[in-house]
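Descriptive structure summary
Chain by chain, the residues:
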Amino acid sequence: MNFLSYPATEYGRVAVMFGGESAERDVSLNSGKAVLNALQRQGVDAFAFDPATRPITELLTEKTDRVVIMLHGRGGEDGTLQGALELLKIPYTGSGVLGSALCMDKIHSKQIWQCLNLPTAKYQIADKSYFEAGSCSVIMQQLGNEVMVKPAREGSSIGMARVSSAVQLEKAIQDAFQYDNQVLLEQYIDGAEFTVSILQGRALPSIRMSTPHTFYDYSAKYQDNTTQYFCPSGLDAEKEAELAMLSSRAFRALSARGWGRIDVMQNKLGEFYLLEANTVPGMTEKSLVPKAAKQAGLDFDGLCLAILASSMPAASADKVDWR
C-alpha cells in the first residue's frame, strides 16, 4: 500500500502531544515517546509537549505549525483538545471535534451504527442518576446471561468486566461508575476478536487477538506476554474484505478521519459485530496499529509519517466515501 506523505521540512515545527491527565497517561507516555523518536529520526522538527505540565497556549509561543495527538482517553481523544486546537488555528492529526467525541462515547457509537443498520451487539445503558440494582436480573436475561460492562467514555479496557450473574453485574456496574456516570451493558459475543486499523481512508490487514484472560483487558493489552496476535488473522479473502468494508463504514459513520482503529467480534456463525472505535490508538511496542501497518509493508517510522500527513490540508483521508 502507498500512503500520502510529504518531505520532512514541509511539516514545519511539530508538537507531539502525549502524557496528559487521563487514566491512560502511562500508555500515552509510551506511545508519544515512540512517535517523537520516529519523527525525529526522519528529520521532522518535532518536540515533546505534555499538557499536564504546560498550558496549551504555549503551543503558540513555541511557534507550533501542527500537532501530533498521542493523548489517549479523556482530554485528548474526546474532542476537547481538538476544539482547543481549532480555536488556536493549529492543524492536528486524526479526527476532528465531532468524530473524536462520538468515537470516545461507546453508547453513542452504537446508537449511530444501529441507525445505519451496521451490526452491533444488543445492549442496555446503566445511568448513575437512576440506576436500580433490582433491574440486574432482568438485564441479564435480556442480554443472554453473559454481559460485558464498560464505562461509556474510557479506553484501554479500563473499568471493564465480564459477568455471568446479576450479583456480578451489580458490582461491576458500581465499579464502572467510578469512571463514568453512564455504563454500557453489552451482550457478550462468544467468538474471535479482531481489530482493523484505518489509515488515510484505507483498512489495513486485520489482526486477530487471542488471550487466556477472561477478555482482552488492560493487562492482556499492555502488561503480560500471554496474548497472541495473528496478522494475517486467518480469515479467507472474502471474509477479510467483508471485515475491511464493515470497519471502514463504521469509522466513517462516526465522522472519524485520518487514522484510527475499529474493534470487532465474530460469533460462532462467522457474523461480525462492531464493538467500538478508537481515534488515537496506542503506538507502543505491543500496539496493534504498528503490527497491521507492518503487514501492509509500512514500517514504524513510515506509519508515523503517514499519521502526521493527516494534519495536512490536502490529506486524502477526508475525501474517501465509504457508503
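- An unreviewed UniProt entry lists the chain under the name D-alanine--D-alanine ligase, with Alteromonas aquimaris given as the organism.
- On record in UniProt, under Pathway (unreviewed entry), the comment for the chain is "Cell wall biogenesis; peptidoglycan biosynthesis."
- UniProt's Catalytic activity (unreviewed entry) comment on the chain is quoted here verbatim: "2 D-alanine + ATP = D-alanyl-D-alanine + ADP + phosphate + H(+)".

Thoughts on the packing of aromatic side chains
- Inspection of the entire model under this criterion finds three aromatic pairs.
- Pairing F131 with F177 gives two aromatic rings, centres 5.8 Å apart and planes at 70°, and the pair type is edge-to-face. Of the two residues, F131 is situated in the loop between strand 4 (123–127) and helix 6 (136–142) and F177 in the loop between helix 7 (166–176) and strand 7 (182–187); the sequence distance between them amounts to 46 residues.
- Residue classification places F177 among the buried residues on the basis of a relative accessible area of 6%.
- Above the plane of the ring of F3 lies R202, whose end atom (NZ or CZ) is 4.4 Å from the centre.
- Over the ring of Y229 we find K291; its NZ or CZ atom is 4.7 Å from the centre of that ring.

Looking at the sheet that holds strand 3 (residues 66–69)
- Spatial strand order, 2-1-3: three strands in an open sheet with parallel pairing. Because the sheet does not close on itself, it has two edges, and the strands there are strand 2 (45–49) and strand 3. Averaged over all neighbouring strand pairs, the angle between strand axes comes to 30°, with direction disregarded.

Observations regarding unusual backbone geometry
- Geometrically, the link from C231 to P232 is a cis peptide bond, its omega value of 10° lying close to zero.
- With respect to the element layout, P232 can be found in the loop between strand 11 (228–230) and helix 9 (237–253).
- Unlike most non-glycine residues, K63 shows phi in positive territory, near 55°.
- Summarising the element assignment, K63 is placed in the loop between helix 2 (58–61) and strand 3.
- Positive phi outside glycine occurs at N145, with the angle close to 65°.
- Here N145 shows up in the loop between helix 6 and strand 5 (147–151).

Overview of the sheet that holds strand 4
- In space, the four strands of this open sheet follow the order 4-7-5-6, with antiparallel pairing throughout. Each end of this open sheet is capped by a strand with a single partner; those strands are strand 4 and strand 6 (161–163). In this sheet, adjacent strand axes meet at a mean angle of 25° when their direction is disregarded.
- By the bridge criterion, five bridges tie strand 4 to strand 7 in an arrangement that is antiparallel. When the bridges of strand 7 are listed, D127 appears paired with Q182.
- Most of the contacts of helix 5 (residues 106–115) go to strand 7, to which it runs at about 50°, and overall it touches strand 4, strand 5 and strand 7.

Rules of the game
Residues numbered from 1 in each chain as written. Predicted model: local features only at pLDDT ≥ 70, side-chain atom pairs only at ≥ 80, totals over all residues. Heavy atoms only, no water. UniProt positions renumbered as here; feature names shortened; annotations may be inferred. Phe/Tyr/Trp six-rings, centres within 6.5 Å; stacked < 30°, edge-to-face > 60°. Helix = DSSP H or I, 4+ residues; strand = E, 2+ residues; numbered from the N terminus. Buried < 20%, exposed > 50% of the residue type's maximum accessible area, 1.4 Å probe, protein only. Lys NZ or Arg CZ within 6 Å of the ring centre and 35° of its normal. Pairing = 2+ DSSP bridges. Axes fitted to C-alpha atoms, helices over the stretch in contact; angles between N-to-C directions. Contact = heavy atoms within 4.5 Å.

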